[in-house]
Amino acid sequence: MVDLSLAILHHLLAFGIAAAITAQLVLVRPGMQPPAVQLAAKYDIALGIMAAALLAVGFLRVFFGAKGSDFYLHNHVFWTKVVLFAVVGLLSIKPTRAFLRWRKAQSSDPGFAPEEVDIRAIRKTLMIEIHVFALLPFAAAAMARGYGYV
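No experiment lies behind these values; they were computed from the predicted model shown.

Asks: Can you help me understand the nonpolar core in this one?
Replies: The nonpolar side chains of a soluble globular protein tend to be buried, and buried together. By size, the foremost hydrophobic cluster in this structure holds 30 residues, and its most contacted members are Ile-17, Val-28, Met-32, Phe-99, Trp-102 and Ile-122. Elements with a minimum of two residues in this core: helix H1 (2-27), helix H2 (34-64), helix H4 (76-91), helix H5 (93-108) and helix H6 (116-133). Looking at this core, the element that brings in the most residues is H2, giving eight residues. Sequence-distant contacts of Ile-17, that is, excluding residues within four places in its chain, are made with Leu-47, Met-50, Ala-51, Leu-54, Phe-85 and Phe-133.

Asks: Any chance you could explain H4 here in plain terms?
Replies: Because an α-helix packs 3.6 residues into every turn, residues spaced three or four apart end up facing the same way. End to end, H4 covers 22 Å across 16 residues, agreeing with the expected 22 Å (1.5 Å per residue, within 8%). Within H4 the residues assigned to the buried category are Val-77, Phe-78, Lys-81, Leu-84, Phe-85 and Val-88. Taken down its axis, H4 places every buried residue within 120° of arc, on the same side. Along H4, the residues that are exposed and aim more than 90 degrees away from the buried face are His-76, Val-83 and Leu-90.

Asks: Looking at this structure, I do not really get H1. What am I missing?
Replies: With 26 residues, H1 ought to run about 38 Å at 1.5 Å a step, and its terminal C-alpha atoms sit 37 Å apart, in line with that. Listed as buried for H1 are Leu-6, Ala-7, His-10, Leu-13, Gly-16, Ile-17, Ala-20, Ile-21, Ala-23, Gln-24, Leu-25 and Leu-27. As for H1, its buried residues are in contact with H2, H4, H5 and H6.

Asks: What's the story with the packing of aromatic side chains in this structure? I'm lost.
Replies: Aromatic ring pairs are reported here in terms of the distance separating the ring centres and the angle at which the planes meet. Counted according to the given criterion, the structure contains five aromatic pairs. A centroid spacing of 5.2 Å and a plane angle of 85° characterise the contact between Phe-71 and Tyr-72, whose relative ring orientation is edge-to-face. Taken together, the ring pairs in this structure connect Phe-71, Tyr-72, Phe-78, Trp-79 and Tyr-149 into an aromatic cluster.

Asks: Looking at this structure, how should I read the environment of Pro-95?
Replies: Mapped onto the elements, Pro-95 comes out in helix H5. Residue classification places Pro-95 among the buried residues on the basis of a relative accessible area of 1%.

Asks: In this structure, what is going on with the packing of H4 against H5? I would like to understand it.
Replies: When two helices pack together, their arrangement is given by the angle between the helix axes and by the axis-to-axis distance. Two elements in contact, H4 and H5, have axes whose closest approach is 4 Å; the angle formed by their N-to-C orientations is 25°. By the angle between their directions, the pair H4 and H5 is classed as roughly parallel. Contact with H4, carried on its side by Gly-89, Leu-90 and Leu-91, involves Ile-93, Lys-94 and Pro-95 of H5 and no other residues of that element. For the contact of H4 with H5, the class distribution of residues is four nonpolar, one polar and one charged.

Asks: Could you clarify how one ought to interpret a nonpolar patch on the surface in this entry?
Replies: A contiguous nonpolar patch, built from Val-2, Leu-55, Phe-59, Leu-60, Phe-63, Phe-64, Leu-73 and Trp-79 and spanning about 780 Å² of accessible area, is present on the exposed surface. At five residues, the largest contribution of residues to the nonpolar patch is made by H2. Here Leu-55 lies in helix H2.

How each quantity is defined
Residues numbered from 1 in each chain as written. Predicted model: local features only at pLDDT ≥ 70, side-chain atom pairs only at ≥ 80, totals over all residues. Heavy atoms only, no water. Core = buried A, V, L, I, M, F, W, Y, C linked by side-chain atoms within 4.5 Å. Buried < 20%, exposed > 50% of the residue type's maximum accessible area, 1.4 Å probe, protein only. Helix = DSSP H or I, 4+ residues; strand = E, 2+ residues; numbered from the N terminus. Contact = heavy atoms within 4.5 Å. Expected span 1.5 Å × (residues − 1). Arc of directions from axis to C-beta. Phe/Tyr/Trp six-rings, centres within 6.5 Å; stacked < 30°, edge-to-face > 60°. Axes fitted to C-alpha atoms, helices over the stretch in contact; angles between N-to-C directions. Parallel < 35°, antiparallel > 145°, perpendicular 65-115°, else oblique. Nonpolar A, V, L, I, M, F, W, Y, C, P; charged D, E, K, R; others polar. Patch = residues over 30% accessible without salt bridge, like charges linked within 9 Å, V, L, I, M, F, W, Y side chains within 5 Å. Areas by Shrake-Rupley, 256 points an atom, 1.4 Å probe, with all protein chains shown as cover. Salt bridge = Lys/Arg side-chain N within 4 Å of Asp/Glu carboxyl O.

In structure tokens form, the structure reads like this:
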């Protein structure tokens, strides 16, 4: 039952992360208005919390799941998933820093809206982030079928 619960939570968190990045993409677009800055920043906080929780649950699955740590630690597809998730995390730094800057600017000027050039740069990063994240299910499906284990 522990393995099933961890797997379900792991998947729900992954779907939540995809939803948060998608929501940011919907909000961060040319013509972005001041309320969208606050909302995008809130999604970013949720994204960070879900990413940390996904990592924690993932490691719980490694050490307390039904397959055992040997299956994961000696599986190159697992390490591919870890690297892909790390890349997503590194990519998320740029939007997070922008949202913090934009919120700070809004605190002194409630009508602040980001420059179009900044919006385009953050949107491009978010697009790369969601596309890298979309590779994770391929690795997950391969692992579930025993690929990568040596």
